[in-house]
Amino acid sequence: MGDMLSVIVDGLWRQGNKSLAVRLVAENGEALPDWQPGAHIDVHLPCGIVRQYSLTGPCGDEGYLICVGRETASRGGSRYIHETLRPGQRLLISSPRNVFPLHQAERVLLLAAGIGITPLYAMALQLEASGTPFTLHYYVKSRESAAFIRELSRLFHNGECAVHASCEGESPRTHLAQDLPAPHAGLHVYTCGPAEFMAKVREVATANGWAETHVHSEAFQPVAPPAGGETHNVFTVTLASTGERWSVPADKTIAQVLLENGVAVPLSCEMGICGACLTPVIDGVVDHRDTVQSEAEKGAVDQQVALCCSRSHSGELVIGL
Ligand code: FES
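The written sequence of each chain sets the order in which its residues are numbered from 1. With the structure being a predicted model, the display of local features is reserved for residues of pLDDT at least 70 and the display and counting of side-chain atom pairs for 80 or more, all residues being used for whole-chain, interface and lining totals. Hydrogens and water are ignored here; the side-chain numbers use all heavy atoms of the structure.

(A) Local environment of the pairing of strand β2 (residues 19-26). Throughout, exposure labels follow a simple rule: accessible area from a 1.4 Å probe, protein chains only, divided by the maximum for the residue type, with under 20% read as buried, over 50% as exposed, and the rest as partly exposed. For helices the rule is a DSSP run of H or I covering at least 4 residues; for strands it is a run of E covering at least 2, with both sets numbered from the N terminus onward. Counting buried positions along β2 yields six of eight residues, so the element is predominantly enclosed. Here, a strand pair is defined by DSSP locating no fewer than two bridges between the strands. Sheet topology note: the strand β1 (residues 4-15)/β2 ladder contains eight bridges and is antiparallel. Bridging across to β2, isoleucine 8 finds its partner in valine 25. Relative to strand β5 (residues 64-69), β2 runs antiparallel, the two being bridged by six bridges. Across the sheet, the residue bridging to leucine 20 is valine 68, located in β5.

Here is the structure:
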């Protein structure tokens, strides 16, 4: 794991009736490392849980802003932040990591659902500042549940923001088709939200002829491993630097095998969603199980493997460690 930053909870406040914004500042009073929209941090909660949260708000600030939705089926992180976290509390966080960056574009379409607004709100602010035209469609259950609604209701000079509330009959299911225009070489789409929402965005985009390279998404939920395929239950992982090789059994991840053998692996989410453990592949055919990388990246000549969850289609996988 990379260097940890010690931060203080500077403030907590409501964002709609479902979310909490949390401002973090460096404990030593210095500015926190720079970041760009799409970046996220690992937050190490005192209850022992590590969660990834997108940075949001303007990226020039000295502190960091995150926004956490209240999840009814919380695995613990959301509940801790909503019920226990207090201003003045000290936390450890990672430096920002960005696997969802903005690309150069003539125009940008942002499609957010629920708490997926957090990275896209930061993108909207950046696009406004850089003069890149944008449109943000923000899908929520009700307007009362929307985060950053006041900030997004202001006049933008380079973009516009439309809030669609399902309870008013504007669900993504019914509205996406008209919000996603025909593809255009200079237009890029960014989407963030629940897995079902992003699957719907991709379905509509594919039906409209969009190239995968122009539709960017971020998932903070693990995907189930694909059924079937030529996956070797047991394969060998080899370190390119030393030639050391170990067997990876079906009940262990590559990362677990490496750690057991004293190899440092930068782990964070351990669910294939954060990118911390991505490692170059030197030889072999990866059975990609992460949601960090795009299909294009997973099919590229130079590939990376998520050591926390991916496996191998070939009997041996040589990695750049
Ligand atoms: S540790 Fe997060 S992708 Fe592997």
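(B) Representation of the state of the cysteines within the structure. Pairs of cysteine sulfur atoms within 2.5 Å are what we label disulfides. Scanning the model with the defined rule gives zero disulfides in all. The closest cysteine sulfur to the non-disulfide-bonded cysteine 309 is located on cysteine 308, 3.9 Å from its own sulfur. The exposure class of cysteine 309 is buried, given its relative accessible area of 19%.

(C) Here's a closer look at the packing of aromatic side chains. Centres within 6.5 Å make a pair out of two Phe, Tyr or Trp rings, where for Trp the six-membered ring is used; the pair is then stacked when the planes are under 30 degrees apart, edge-to-face when over 60, and tilted otherwise. The tally for this structure, following the rule as stated, stands at four aromatic pairs. Seen from their ring centres, phenylalanine 100 and tyrosine 190 are 6.0 Å apart, and the 65° between their planes marks the pair as edge-to-face. Highlighted residues: phenylalanine 100 in the loop between β7 (97-98) and β8 (107-113) and tyrosine 190 in strand β11 (residues 187-192), separated in sequence by 90 residues. The exposure class of phenylalanine 100 is buried, given its relative accessible area of 3%. The class of tyrosine 190 is buried, set by a relative accessible area of 0%. Look at tyrosine 121 and phenylalanine 148: their rings are 4.5 Å apart centre to centre, the planes differ by 25°, and that puts the pair in the stacked class. Linking tyrosine 121 in helix α2 (residues 117-130) with phenylalanine 148 in the loop between β9 (134-140) and α3 (149-152), this pair joins segments that are 27 residues apart in sequence. The pair tyrosine 121 / phenylalanine 148 is uniform in exposure class, with both members buried.

(D) Just the nonpolar core, in detail. One finds Leu110, Ile117, Leu120, Tyr138, Phe148 and Leu152 to be the most contacted residues of the largest nonpolar core, which totals 28 residues. At the level of elements, β5, β8, α2, β9, β10 (159-165) and β11 are the ones that each hand at least two residues to this core. The leading source of residues in this core is α2, at seven residues. Taken domain by domain, this core gets at least three of its residues from each of domain 1 (4-98) and domain 2 (107-218). Residues enter a nonpolar core if they are buried and are Ala, Val, Leu, Ile, Met, Phe, Trp, Tyr or Cys, with the set joined through side-chain atoms within 4.5 Å. Note that domain bounds follow an automatic or database assignment of domains.

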